[in-house]
Amino acid sequence: MTADAPSPSDRPATIDAVPLRHPWRWVAAGVIIVLVGLFLYGAATNPAYGWKTYGEYLFNERILLGVFNTLQLTVYSMVIAIVLGIVLSVMRLSPNPVFRSVSWVYLWIFRGTPVYVQLAFWGLIPVIYSKIQLGVPFGPTFFTLDLQSLSIPFLLAMLGLALNEAAYMAEIIRAGISSVPEGQMEASTALGMSWGLAMRRTVLPQAMRVIIPPTGNEVISMLKTTSLVTAVPYAFDVYSIATREVAARIFDPVPLLLVASTWYLVVTSVLMVGQYYLERYYARGSSRKLTPKQLEALAKAQMGEVHP
């Protein structure tokens, strides 16, 4: 026996859903737009910003040299920091108590003191260790290096930045490796992989999903931290050239600060784009959300099944 179909009078009435309105959001958005417009107008018409000087020095040869030196400092320091960070992270995960202790003390010192103080200390290395000698204690000397006779501010700045950054990279890499379940390593070992091969083929590709985002942030942070190398002192980065060389010569610091800020923004934007594509590359397979191409292929496959 089948139940009778409900009559139209018995069916529930159609709900006329009205979206909730938020008028104050539009009011706040309008106020923000007005304030931003007023600020931009004021900045464009304020002679203190020196837009003519800004345009004159934006692509100045000395400024471009500073940008190049800043990029060199960033790249070299990050490469050294990543390599040293891998070593320190492995030491932190090692069962050897000496390795763990040395790594912990390193992180404690370099994460617990300001980077500016560390750079100032590195700048005083030629004063603290004026000569480096290698030889037999209380005996003959085979090699002597006079640090005060060398001009090595770039090297000292690079080492100061790298050693400080290595402490943070060590924790990032350690967190990435620890995020991979231990069963992944055990399964790789059961398949006959060596420890190094299992790390390279199984653990690290999965750990990169955790390592890449904070590492990208650290690269961007390193780019801006190079402005502190004046403590070494190294005066050939974009900030030093713009504010201490050019601005001091023309007695107009504001437009030169804008020039330096513009180049920092440009390089940072490029790095952010690269970080985005790296994250997307290593995140493949970690999300169930299909891409537009995958959805299109799935739709075509289903249409093929329906209409053979």
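For the structure itself, look to the data block above.
Residues numbered from 1 in each chain as written. Predicted model: local features only at pLDDT ≥ 70, side-chain atom pairs only at ≥ 80, totals over all residues. Heavy atoms only, no water.

1. Comments concerning a nonpolar patch on the surface
Then, number 1: Together, Trp24, Val27, Val31, Val34, Leu35 and Leu38 line one region of the surface with nonpolar side chains, adding up to about 660 Å² of accessible area.
Then, number 2: In this fold, Val27 is placed in helix α1 (residues 23-45). (Patch = residues over 30% accessible without salt bridge, like charges linked within 9 Å, V, L, I, M, F, W, Y side chains within 5 Å. Areas by Shrake-Rupley, 256 points an atom, 1.4 Å probe, with all protein chains shown as cover. Salt bridge = Lys/Arg side-chain N within 4 Å of Asp/Glu carboxyl O. Helix = DSSP H or I, 4+ residues; strand = E, 2+ residues; numbered from the N terminus.)

2. Some details on the pattern of salt bridges
Then, number 1: This model, assessed by the stated rule, comprises 4 salt bridges.
Then, number 2: One salt bridge in this structure joins Arg62 and Glu245, with 2.9 Å as the shortest N-O distance. With a gap of 183 residues between them, Arg62 in helix α3 (residues 61-93) and Glu245 in helix α10 (residues 238-250) connect regions that are remote in the sequence.
Then, number 3: When its relative accessible area of 26% is taken as the criterion, Glu245 is described as partly exposed.
Then, number 4: Where Arg92 meets Glu171, a salt bridge forms, and the shortest distance between an N and an O atom there is 3.0 Å. You can see Arg92 sitting in helix α3 and its partner Glu171 sitting in helix α7 (residues 153-178), a full 79 residues away along the chain.
Then, number 5: Overlapping salt bridges, with partners in common, bring together Arg92, Arg111, Glu171 and Arg174 in one network. (Buried < 20%, exposed > 50% of the residue type's maximum accessible area, 1.4 Å probe, protein only.)

3. Comments concerning unusual backbone geometry
Then, number 1: Here the bond from Val232 into Pro233 is cis, since omega is 5°, no more than 30 degrees from zero.
Then, number 2: Counting through the fold element by element, Pro233 comes out in the loop between α9 (195-225) and α10.
Then, number 3: With a phi angle near 55°, Phe251 is a residue other than glycine that sits in the positive phi range.
Then, number 4: Along the chain, the position of Phe251 falls in the loop between α10 and α11 (253-282).

4. Section: helix α4 (residues 97-112)
Then, number 1: Look at α4: 22 Å from first C-alpha to last across 16 residues, which is about the 22 Å you get at 1.5 Å a residue.
Then, number 2: The set of residues buried in α4 consists of Ser103, Tyr106, Leu107 and Phe110. Buried residues along α4 cover an arc of 95° about the axis, so they all sit on one side. Seen from the buried face of α4, the exposed residues on the opposite side, beyond 90 degrees, are Val98, Trp108 and Gly112.
Then, number 3: Contacts made by the buried residues of α4 are with α3, α5 (115-123) and α7.
Then, number 4: With a side-chain oxygen positioned 2.8 Å from the backbone nitrogen of Val98, the residue opening α4 is Asn96. (Expected span 1.5 Å × (residues − 1). Arc of directions from axis to C-beta. Contact = heavy atoms within 4.5 Å. Polar contact = N/O pair within 3.5 Å; in protein donor to acceptor, adjacent residues only side chain to side chain.)

5. A closer look at the nonpolar core
Then, number 1: Core analysis: the largest hydrophobic core is formed by 39 residues, its most contacted members being Leu88 and Tyr106.
Then, number 2: Per-element tally for this core: the top contributor is α7, with 12 residues.
Then, number 3: Setting aside its immediate chain neighbours within four residues, Tyr106 contacts Leu84, Leu88, Leu163, Ala166 and Ala167.
Then, number 4: The next biggest cluster of nonpolar side chains, apart from the first, holds 17 residues, and it includes Leu58, Ile63, Leu223 and Tyr264. (Core = buried A, V, L, I, M, F, W, Y, C linked by side-chain atoms within 4.5 Å.)

6. Remarks on α5
Then, number 1: Three or more residues of α5 are buried, namely Val115, Gln118, Leu119, Trp122 and Gly123. Across the axial projection of α5, the buried residues extend over an arc of 145°, all falling on one side.
Then, number 2: On its buried face, α5 is in contact with α4, α6 (125-128), α7 and α9.

Function cannot be inferred from these measures alone, as they are strictly geometric.
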